[in-house]
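Okay, here's what each chain looks like letter by letter:
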Amino acid sequence: MAKIDSTDLQLLHALDRNARLPFSKLGDEARISQEAARYRVQRLFEEQVIHSTITVVDSAKLGFAYYKIFLKLHSVNEQHIEQIIDHLNTNPDVAWVVRIEGNFDIGFALKVSGTKDLLTLNSLVEDLTLGYHGYVSRRVFCINIAGEYLSRDYLVGRKRKDLKPGFYSVFSDPVEVDHNDQQIIRKLTTNARLSAVDLAAGLDISSDAVLLRLKKLEQKKVITRYTLVLHHSQIGHLHYKVFLYLNRSNPEKHQKLLALCKTKPHVIFIVKTFGEWDYELELEVESVSQMRQVMMEITSDYADVIHNYDALLISRIHKYNLFP
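Throughout what follows, the structure given in this document is the object of discussion.

Cut-offs used in this document
- Residues numbered from 1 in each chain as written.
- Predicted model: local features only at pLDDT ≥ 70, side-chain atom pairs only at ≥ 80, totals over all residues.
- Heavy atoms only, no water.
- Helix = DSSP H or I, 4+ residues; strand = E, 2+ residues; numbered from the N terminus.
- Rg over C-alpha atoms; globule rule 2.2 N^0.38 Å.
- Buried < 20%, exposed > 50% of the residue type's maximum accessible area, 1.4 Å probe, protein only.
- Contact = heavy atoms within 4.5 Å.
- Areas by Shrake-Rupley, 256 points an atom, 1.4 Å probe, with all protein chains shown as cover.
- Phe/Tyr/Trp six-rings, centres within 6.5 Å; stacked < 30°, edge-to-face > 60°.
- Lys NZ or Arg CZ within 6 Å of the ring centre and 35° of its normal.
- Pairing = 2+ DSSP bridges.

To continue, consider the overall build of the protein chain. Of the regular secondary structure elements, the protein chain holds 10 helices and 11 strands. Against the compact-globule benchmark of 20 Å for 324 residues, the protein chain has a radius of gyration of 20 Å, which places it among compact chains. Expressed along its principal axes, the backbone C-alpha trace of the protein chain runs to roughly 50 × 45 × 45 Å. Every one of the 324 residues in the protein chain was classed for burial, and the buried ones make up 53%. Taking the contacts inside the protein chain whose residues are at least 6 apart along the sequence as the reference set, 76% of them involve residues at least 24 apart. When the accessible surface of the protein chain is split by element, carbon and sulfur atoms take 50% of a total near 15100 Å².

Have a look at this one:
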């Protein structure tokens with residue numbers, strides 16, 4: 001586990017809210033010099049506290065959605081699991097791969113934009129089933145309808161103030177983007193801190209033109225946030241994905257439940273899904289007991305709405321790319 005102090009937490013909090021902040025602004029946020037901010041951020045990457053900086057894009061505006069699959073395995077060792085994960089990591093259509101502890105062992109998501117991509121999804125799942133037929137005991141599918149990335153105000157010990165999340169959905173109207181826009185977005189989704197010069201490399205436009213395009217993509221809310229993916233074990237935290245199963249109560253109660261979830265600083269991601277469960281919450285907590293406490297606060301107020309929930313521990317993030 002890495003040794004981090006309150007200044008490191010201030011930097012992580014600033015990067016979480018805007019991963020493209022220059023070092024001068026990061027220094028101001030943490031009340032240190034620009035060079036000290038540069039050194040500390042570099043160390044946070046080297047010590048793998050920061051897994052990556054990512055760009056959140058509104059998927060429907062780019063013409064696609066995320067399909068998620070969770071696998072339960074049996075009769076496997078770690079070598080078998082790593083083989084399956086490597087198989088998923090190398091697939092260019094896979095956006096997200098995680099190792100899980102609980103009712104499932106592996107979770108992954110694919111970027112799907114039409115019938116052709118649905119066939120790709122089917123082919124991938126069939127390949128997994130046939131290639132690892134002796135290991136896959138259960139597979140569950142769901143579609144991400146909408147996702148909201150919330151600020152990590154818990155890092156600096158305060159209640160959530162920023163309720164303007166990064167988001168994506170299946171409801172937005174498509175926005176016309178050209179090849180250069182797509183290449184800029186594709187580069188940023190795995191490294192949100194790339195400079196305009198780096199983004200322009202290999203394109204037929206200047207770095208100034210890149211900055212103008214970025215501004216337009218932000219104004220059109222194609223790009224909705226620049227944020228962090230953390231290695232939680234490196235800061236002594238646990239990362240949970242919680243499936244919420246809701247009763248068929250009225251939509252107003254569902255919205256009040258979501259509003260309550262958004263006030264909880266340790267809830268950092270909310271997904272509306274179409275599948276066996278209704279919503280997914282992601283929690284970053286210091287202990288199992290803290291996770292249980294947060295869920296108790298949520299479920300006790302909405303016992304008539306929440307039928308059940310499952311908590312899965314995400315032990316490792318292998319891939320996170322929202323526009324592969």
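There is more to say, and it comes next.
Applying the stated criterion across every chain, the model contains 11 aromatic pairs. Centroid distance Phe-70 to Phe-104: 5.6 Å. Interplanar angle 50°. Geometry classified as tilted. With Phe-70 in strand 2 (residues 65-73) and Phe-104 in the loop between strand 3 (94-101) and strand 4 (106-112), this residue pair connects regions lying 34 residues apart in the sequence. The burial state of Phe-70 is the same as that of Phe-104; both residues are buried. Ring pairs connect the aromatic residues Phe-70, Trp-96, Phe-104, Phe-243, Tyr-245 and Trp-277, which therefore count as one cluster. Positioned above the aromatic ring of Phe-64, the side-chain terminus of Lys-111 is 5.3 Å from the ring centre.

In the case of a regular strand, side chains alternate between the two sheet surfaces. For strand 2, the tally of buried residues reaches 8 of 9 residues, placing the bulk of the element in the interior. Pairing geometry for strand 2 and strand 4, over 7 bridges, is antiparallel. Within strand 4, the position partnered with Ala-65 by the bridge is Val-112. Sheet topology note: the strand 2/strand 5 (residues 136-149) ladder contains 8 bridges and is antiparallel. Across the sheet, the residue bridging to Ile-69 is Phe-141, located in strand 5.

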